[in-house]
Amino acid sequence: MSSSSDDKKSALEESRLEVMECEKEIQSIKSSLKSLGGSAESSSNSLRVSVHKINASGEDSSAPGTFKIHLSSPIEERTITKLFDPLDPTAEGGIVTFEQLETSNALLTIEAFSSNGEDDTLVKVGTSAAHDLLPLCQDIDVNGDKISSTVEIAIVSESSAESSGQPTLESKESDEWEDAVEEEKNDDPGATKESDAQPSTTTKGSKLELPLCTLSVQLEYTPSANDKRDSLYEKLNDVSKRKAAAIEKLRQSAAAVNRAKISESDEVKGKGGNAVKAGFLNKSKPEAKAVPFWKRWYEKTLGPQSVLWLVGPIAKNYVIFIGCSVFFHYKGDLLALPPPV
C-alpha cells in the first residue's frame, strides 16, 4: 500500500512541476509579445537563396553555372550566376533576395542553365521539382533574427522532364481499354461483377531517370514582426492547452492521494481497535440545581422578564390619561382663574 501511495505522490509532484513549467513558458511568451509590440522591426519578411555546392552525377563533367530561382508567391524570378563565396558573402550574383513572401502557399523552383562555349548563350539543361517553403517558415525562433537551412535539390534534365510528360503508346491503349470497359458497365449495369473484382494488369511504361546534378541550396528566411507575433500566439495556445491538461492531471492526482490517505487511516483504525467507546452518547446529563425562592420572585416581579417590565410601557399612557381625567373632574376648580375685581 505504501508503494502505491508513493507512486501517487510522485505523480502529484510531476503534475505540479509540469504546471509550473507551463506557467513559466506562458510568462516568457507574454513578455516576448510585450517586447515585440514595442520594437520597430520590419513589417515584411524576406528570403535569401544561394547555391553553395554542385554535385554532378554520372560521367558528365559539365555542370550548370547559372540558375534561375522561381517563387510562386509572390511570382518573381531571380538569377544566380555563380556559387556562394563565404569570403565575399555580398558578392553580386552569388545570392538573391525575395521579399514579402506568402509562406502559406510559396513554392520554390530552380532552373539550371549552362553556357554555350561558342557564343556564351544560356541553354536550359534541367529543372527541379517545386519545394514548399512552409516547413522552413513555420519554425520561427523569436529570439533569433534569421532561420537558415541547407536543402539538397535535384536537377532533372530537360529532355527527361519533357518525355515524362508525354503519354506512351501503351498508356494510351490502356486508357482506351478502360474507357471501353466503363461504357460496357454503363450500358449493362446488371452484368457480371467479376470485372470489378479482377485487378488491373495494365502498367504504364516508366523509366528510371537519374538527376543531372544535385544542388546544395542555402535558404535564409527572415521573419517579419507579424510572423513572429503569429508564431508566439500559436505557441501560447499550445502551452495553454498543455497547462489545462496538466491542471486536470494534478487534480486527479490530488484526489488519488487523498483517497490513499483516507484508506490508510481506516486501516490504522481497524488495527488499533475502536477509536470511540461504545455508549458515549448514552451518558446521563447532570441534574439541574434548584433555583432559590428570592431569585424566582425577582424574575417574576421586578426582573427584566417580569410582567411589570413587559406591561408597564404599554399601560403607562392609559394610567396618565385616566388620572388626569379624574383630577379635572373633581378638582378642576383649583385650576380656574380668580374672578375679576
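Anything mentioned here points back to the structure above.
Residues numbered from 1 in each chain as written. Predicted model: local features only at pLDDT ≥ 70, side-chain atom pairs only at ≥ 80, totals over all residues. Heavy atoms only, no water.

## Let's talk about the environment of N258
Alright, step 1. Among the secondary structure elements, N258 is positioned in helix α6 (residues 225-272).
Alright, step 2. A relative accessible area of 44% means that N258 is categorised as partly exposed.
Alright, step 3. Spatially, the C-alpha atoms of N258 and K8 are 9.7 Å apart, while their sequence positions differ by 250 residues. (Helix = DSSP H or I, 4+ residues; strand = E, 2+ residues; numbered from the N terminus. Buried < 20%, exposed > 50% of the residue type's maximum accessible area, 1.4 Å probe, protein only.)

## Observations concerning the pattern of salt bridges
Alright, step 1. Under the definition given, this model contains eight salt bridges.
Alright, step 2. The salt bridge involving R16 is made with E13; its shortest N-O contact spans 2.7 Å. Placement of both R16 and E13 in helix α1 (residues 2-38) is noted, with a separation of three residues, approximately one turn of the helix.
Alright, step 3. R16 sits in the partly exposed class, given a relative accessible area of 33%.
Alright, step 4. A salt bridge links E77 to K68, with the shortest nitrogen-to-oxygen separation between them at 3.8 Å.
Alright, step 5. Residue E77 is classed as partly exposed on the basis of its relative accessible area of 39%. (Salt bridge = Lys/Arg side-chain N within 4 Å of Asp/Glu carboxyl O.)

## With respect to the packing of aromatic side chains
Alright, step 1. Tallying each qualifying case throughout the model produces one aromatic pair.
Alright, step 2. One cation-aromatic arrangement involves K68 over F113; the distance from NZ or CZ to the ring centre is 4.9 Å. (Phe/Tyr/Trp six-rings, centres within 6.5 Å; stacked < 30°, edge-to-face > 60°. Lys NZ or Arg CZ within 6 Å of the ring centre and 35° of its normal.)

## Some points on a nonpolar patch on the surface
Alright, step 1. A contiguous nonpolar surface patch, about 900 Å² in accessible area, is contributed by F293, W294, W297, Y298, L302, L308 and W309.
Alright, step 2. Looking at the nonpolar patch, the elements with two or more residues in it are α7 (293-301) and α8 (307-331).
Alright, step 3. When residues in the nonpolar patch are grouped by element, the largest group, four residues, is from α7.
Alright, step 4. For F293, the location among the structural elements is in helix α7. (Patch = residues over 30% accessible without salt bridge, like charges linked within 9 Å, V, L, I, M, F, W, Y side chains within 5 Å. Areas by Shrake-Rupley, 256 points an atom, 1.4 Å probe, with all protein chains shown as cover.)

## What about the nonpolar core?
Alright, step 1. Within the largest apolar cluster, 25 residues are counted, with the highest numbers of intra-cluster contacts made by L47, I69 and L133.
Alright, step 2. For this core, the secondary-structure elements that each account for two or more residues are β1 (46-56), β2 (66-72), β4 (96-99), β5 (107-115), α2 (134-138), β8 (147-157) and β9 (213-222).
Alright, step 3. Of all the elements, β9 adds the most residues to this core, at five residues.
Alright, step 4. Within the second largest apolar cluster, eight residues are counted, among which are C22, I29, L36 and L232. (Core = buried A, V, L, I, M, F, W, Y, C linked by side-chain atoms within 4.5 Å.)

## Observations regarding the side chain of N45
Alright, step 1. Inspection of the secondary structure puts N45 in the loop between α1 and β1.
Alright, step 2. At a separation of 3.0 Å, a polar atom in the side chain of N45 contacts the side chain of Y221.
Alright, step 3. Not counting residues up to four positions away in its chain, the partners in contact with N45 are F98, E99, Q100, L101, T103, Y221, T222, P223, S224 and D227. (Polar contact = N/O pair within 3.5 Å; in protein donor to acceptor, adjacent residues only side chain to side chain. Contact = heavy atoms within 4.5 Å.)

## Describing α8
Alright, step 1. The principal kink in α8, of about 45 degrees, is found at P313.
Alright, step 2. The buried count for α8 comes to zero of 25 residues, which makes it a mostly uncovered element. (Bend = angle between axes of the 7 residues up to and from the residue.)

## Considerations on the pairing of β8
Successive side chains on a regular strand alternate, one facing one side of the sheet and the next facing the other.
Alright, step 1. Direction of pairing for strand β6 (residues 122-127) relative to β8: antiparallel, over a ladder of two bridges. Residue pairing for β8: T127 is matched across the bridge by V156.
Alright, step 2. Direction of pairing for β8 relative to β9: antiparallel, over a ladder of nine bridges. Bridge pairing in β9 links I155 to C213. (Pairing = 2+ DSSP bridges.)

## Things to note about the pairing of β9
Alright, step 1. Taking burial as the measure, the 10 residues of β9 include eight buried ones, the bulk of the element.
Alright, step 2. Note: β1 against β9, 10 bridges, orientation antiparallel. By the bridge assignment for β9, A56 is matched with C213.

## Some points on unusual backbone geometry
Alright, step 1. With an omega of 0 degrees, the peptide bond running from S73 to P74 counts as cis.
Alright, step 2. Relative to the elements of secondary structure, P74 occurs in the loop between β2 and β3 (75-80).
Alright, step 3. Backbone geometry places Q100, a non-glycine residue, at a positive phi of 55 degrees.
Alright, step 4. Within the secondary structure layout, Q100 lies in the loop between β4 and β5.

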